[in-house]
Amino acid sequence: MNSIPGEKILITKKLDDFFIGLYSGCQFALRFFKEVFKPPYEFKEIIKQCYEVGYKSLGLITLTGFITGLVFTKQSRPSLSEFGASSWLPSLVAIAIIRALAPFVTALICSGKVGSQIGAELGSMKVTEQIDAMEVSATNPYKYLVVSRVLATTIMIPLLMCYTGGVAMLGAFLNVHQNEMTSLITFFQQAFEKISFLDIFSSLIKSIVYGFTIGIVGCYKGFNATNGTEGVGKAANSSVVLSMFLIFVEEILIVQITNSFRT
Amino acid sequence: MDIETKNIEEKELVIGIKDLYKSFGNNHVLRGINLDVFRQDNVVVLGRSGTGKSVLIKVISGLLKPDRGTVNVLGQEVATLNEKELQELRLHIGFSFQGSALYDSMTVRENLAFPLVRNKRNLTKQEIQSEIESVLDDVGLLQTINQMPSELSGGQRKRIGIARTLILRPQIMLYDEPTSGLDPITSEEINALINLVKDKFNTTSIIITHDLTCAKSTGDKIAMMFNGEFIKQGTFDEVFSSDDERIQNFYKYNFIN
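Per chain, residue numbering runs from 1 following the sequence as it is written. Chain letters and ligand numbers both follow the written order, the letters beginning at A and the numbers at 1. It should be noted that, the model being predicted, local features are given only for residues of pLDDT at least 70 and side-chain atom pairs only at 80 or more, the latter also being counted only at that level, while totals for whole chains, interfaces and linings use all residues.

1. Observations concerning the overall build of chain A
Where helices and strands are cited, they refer to DSSP runs of H or I of at least four residues and of E of at least two residues respectively, numbered from the N terminus. Scanning chain A from N- to C-terminus turns up nine helices and zero strands. When the helices and strands of chain A are listed from N to C terminus, the series reads α-α-α-α-α-α-α-α-α. Residue burial in chain A is summarised as follows: out of 263 residues, 41% are buried. Note on contacts: each residue gets a C-beta atom placed from the backbone, and two residues are in contact if those atoms are within 7 Å. A separation threshold of at least 6 residues defines the contact pool for chain A, and within that pool the share at least 24 residues apart is 88%. Neighbour counting defines burial: a residue surrounded by 20 or more other C-beta atoms within 10 Å of its own C-beta is buried, one with 12 or fewer is exposed, and intermediate counts give partly exposed, using backbone-placed C-beta atoms.

2. Some details on the overall build of chain B
Across its full length, chain B holds ten helices and ten strands. The globule rule used for comparison is 2.2 Å times the number of residues to the exponent 0.38, while the radius of gyration itself is calculated over C-alpha atoms. Its C-alpha atoms give chain B a radius of gyration of 18 Å, within 12% of the compact-globule value 18 Å for 257 residues. Expressed along its principal axes, the backbone C-alpha trace of chain B runs to roughly 55 × 45 × 40 Å. For chain B, long-range pairs separated by at least 24 residues make up 66% of all intrachain contacts whose partners lie at least 6 apart in sequence.

3. Focus on the interface of chain A and chain B
At the junction of the two partners, chain A supplies ten residues and chain B supplies 15 residues. The nonpolar class holds Ala, Val, Leu, Ile, Met, Phe, Trp, Tyr, Cys and Pro. Asp, Glu, Lys and Arg form the charged class, and all remaining residues, Gly among them, are polar. Looking at side-chain class alone, the side of chain A that touches chain B contains three nonpolar, four polar and three charged residues.

4. Details of the domain arrangement of chain A
All names here are of chain A. Just so you know, the domain bounds were taken from an automatic or database domain assignment. Partitioning chain A into structural domains gives domain 1 (1–35) and domain 2 (42–262). In this structure, domain 1 and domain 2 have C-alpha centres spaced 29 Å apart. The interface is formed by six residues belonging to domain 1 together with seven residues belonging to domain 2.

5. Section: the pairing of strand S3 (residues 42–46) of chain B
All names here are of chain B. Along S3, five of the five residues are buried, which leaves the element largely enclosed by surrounding structure. By the alternation rule, side chains of S3 split into Asn-42, Val-44 and Leu-46 and Val-43 and Val-45, which are all buried. Note on pairing: DSSP must find at least two bridges between two strands before they are called paired. As paired strands, S3 and strand S8 (residues 204–209) are joined by five bridges and run parallel to one another. By the bridge assignment for S8, Leu-46 is matched with Thr-209. Judged from the four bridges that link them, S3 and strand S9 (residues 221–226) form a sheet pairing that is parallel. When the bridges of S9 are listed, Val-43 appears paired with Lys-221.

6. Notes on helix H2 (residues 53–60) of chain B
Every α-helix winds through 3.6 residues per turn, so residues three or four apart in the chain are directed the same way. All names here are of chain B. The buried count for H2 comes to eight of eight residues, which makes it a mostly enclosed element. Within the sequence span of H2, burial applies to Lys-53, Ser-54, Val-55, Leu-56, Ile-57, Lys-58, Val-59 and Ile-60. Trailing H2 by a residue or two, Gly-62 shows a phi angle of about 85°, which is positive.

7. Description of the sheet that holds strand S6 (residues 93–96) of chain B
All names here are of chain B. Across the sheet, six strands lie side by side as S6-S7-S8-S3-S9-S10; this open sheet has mixed pairing. The sheet is open, and its two edges are formed by S6 and strand S10 (229–234), each paired on a single side. Across this sheet, the average inter-strand angle for adjacent strands is 15°, counted without regard to direction. As paired strands, strand S7 (residues 172–176) and S8 are joined by five bridges and run parallel to one another. Along S8, the bridge assignment pairs Tyr-175 with Ile-207. Simply put, an axis is a line fit to the C-alpha atoms, just over the touching stretch for a helix, and the angle between two N-to-C directions goes from 0 to 180 degrees. Helix-sheet contacts for helix H6 (residues 154–166) involve S6 and S7, and the interaxial angle to S6 is about 170°.

8. Details of the packing of helix H4 (residues 89–127) of chain A against helix H7 (residues 184–193) of chain A
Residues and elements named next belong to chain A. Two numbers describe how H4 lies on H7: the axes approach to 7 Å, and their chain directions differ by 60°. It follows from the interaxial angle that H4 and H7 lie oblique. Crossing geometry of H4 relative to H7 is assigned as right-handed. Facing Pro-90, Ser-91, Val-93 and Ala-94 of H4, the residues of H7 in contact are Phe-187, Gln-190, Ala-191, Phe-192 and Glu-193. Among the residues forming the contact of H4 with H7, the class breakdown is six nonpolar, two polar and one charged. Orientation labels follow simple angle bins: below 35 degrees gives roughly parallel, above 145 gives roughly antiparallel, 65 to 115 gives roughly perpendicular, and whatever is left gives oblique. In this scheme the handedness of a crossing depends on how the near helix is turned from the far one: anticlockwise by less than a right angle means left-handed, clockwise means right-handed.

9. As for the environment of Leu10(A)
Structurally, Leu10(A) is set in helix H1 (residues 5–35). Taking C-alpha positions, Leu10(A) is 28 Å from Val127(A), a pair spaced 117 residues apart along the chain.

10. Let's talk about the nonpolar core
The nonpolar core criterion groups buried Ala, Val, Leu, Ile, Met, Phe, Trp, Tyr and Cys residues into a set whenever they are joined through C-beta atoms within 7 Å. Cys219(A), Val45(B), Ile60(B), Ala163(B), Leu174(B) and Ala223(B) are the most contacted members of the largest nonpolar core, which totals 113 residues. Of the residues forming this core, the biggest block, 17 residues, is contributed by H4(A). Setting aside anything within four residues of it in sequence, one finds Cys219(A) in contact with Ile118(A), Leu122(A), Leu145(A), Val146(A), Arg149(A) and Val150(A). Formed by six residues, the second largest nonpolar core is a distinct cluster that contains Ala120(A), Ala225(A), Ala235(A) and Ala236(A).

11. A closer look at the sheet that holds strand S1 (residues 13–24) of chain B
The strand order across the open sheet formed by four strands is S2-S1-S4-S5 (chain B), and the pairing between neighbours is antiparallel. Looking at which strands have only one partner, the edges of the open sheet turn out to be strand S2 (27–38) and strand S5 (76–77) of chain B.

12. Comments concerning the packing of helix H6 (residues 141–180) of chain A against helix H8 (residues 197–223) of chain A
Two quantities define a packed helix pair, namely the angle between the helix axes and the distance between the axes. Residues and elements named next belong to chain A. The interhelical angle for the contact between H6 and H8, taken along N-to-C directions, is 150°, at an axis separation of 7 Å. Classified by the interaxial angle, the pair formed by H6 and H8 is roughly antiparallel. Judged by the sense of rotation from one axis to the other, the crossing of H6 with H8 is right-handed. Of H8, the residues touching H6 (which contributes Leu-145, Val-146, Arg-149, Val-150, Ala-152, Thr-153, Thr-154, Met-156, Ile-157, Pro-158 and Met-161) are Ser-203, Leu-204, Ser-207, Ile-208, Tyr-210, Gly-211, Phe-212, Ile-214, Gly-215, Ile-216 and Cys-219. For the contact of H6 with H8, the residue count by class is 15 nonpolar, six polar and one charged.

In structure tokens:
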């Protein structure tokens, strides 16, 4: 078979680009741990970003969390009723929400809302030379822009996850109450019967990892935006795609690790 | 020793560039640049778009690393400085960007306070405020203090960009295309501002432009760049009295007052 040199060069170039991107991405992420403990600390910017990430996502998170809890309960009911086990519904829903749905839904929603916002904001700062302007005015742009945003997502996404869990449980309660007239206290007593410390702890760890991922990916893509406004759009888009992909990979890994502690 | 040589020796060398090369992949942007800039001189780097003018000042400010050659700024070799040393050096360098690069999410006041708050931490709020007002007054835009960059005109944005660099009282000013995209009257105002900055703040400047009017009114010395190298350096008249066809073509296609 004849070899096609052009195609071979293209594949080699793509592979090169992949590994160069992977290396520079890892370097970018590792720099966070070096810079985060170094003064000066940008507390004002961190608080502003926490407000942007946390407070401004509340509306969307409330709606999504509530619907997730309600729909999940509604969909699970027929299967459990078939075996006469609808009294297990609160426990089942609680396990599903706390172990998987709350962290995962929060991460995916924030990856779309916050990740794209960070990617677009930093991307536009990059292409309009605002990041360079910061650098030449003797300010470390990584410290000011990246550390504050990554800290904000790492702190706020676990908090949002707890909130999503609460709202989803309320959605589930509404459905259970409508059908079985269960009181709120009874519902939560039944729901938390099967929840262990490990469930809550692993979800918190997961959402910390997801928060860091969303922040660092958004910042990395924004910092490396090129080609004007087209580049800004691409940075926002690829922030969402890459952070969602990494969240799925992290979900698999963390579930495997957590399950090894359960047995 | 003639008078001119003696004068040059008496003047302090602020920026010294020797045999500077910079490429991006196969695109060889700078090809052996040599340039000396003395204290309180305004040096204009003139040339067509895409000849590497902006890359040159980005290398001087340490935003880009050279492939080969040396860039000495205020007695320090830029490429060998660590992050902290580079930040300290940058306190003495003001960079006015082509698109002004004002922070979109901040008001004019916050834009000007940004470098001051981060680099002069011992200043009180009142001192910061009076510094901001004084610099805005120098550029004639005190009334815009509470406006957002999106509410300013192109010329105003350029002036605020210059004010933001002046607030740290730099010894060196680097202007990237200060008059691009402006009407002739506003361009003339910016040229006057560049000269005012030199006289009032005693700055040494490199002005990147392709605008001959700007070059003539602001430049003590002109360095003509073509394809990543200087083909002629001297006063405006010296450069444009040259027989070099490339320089003559450049002159011919520019409108000059």
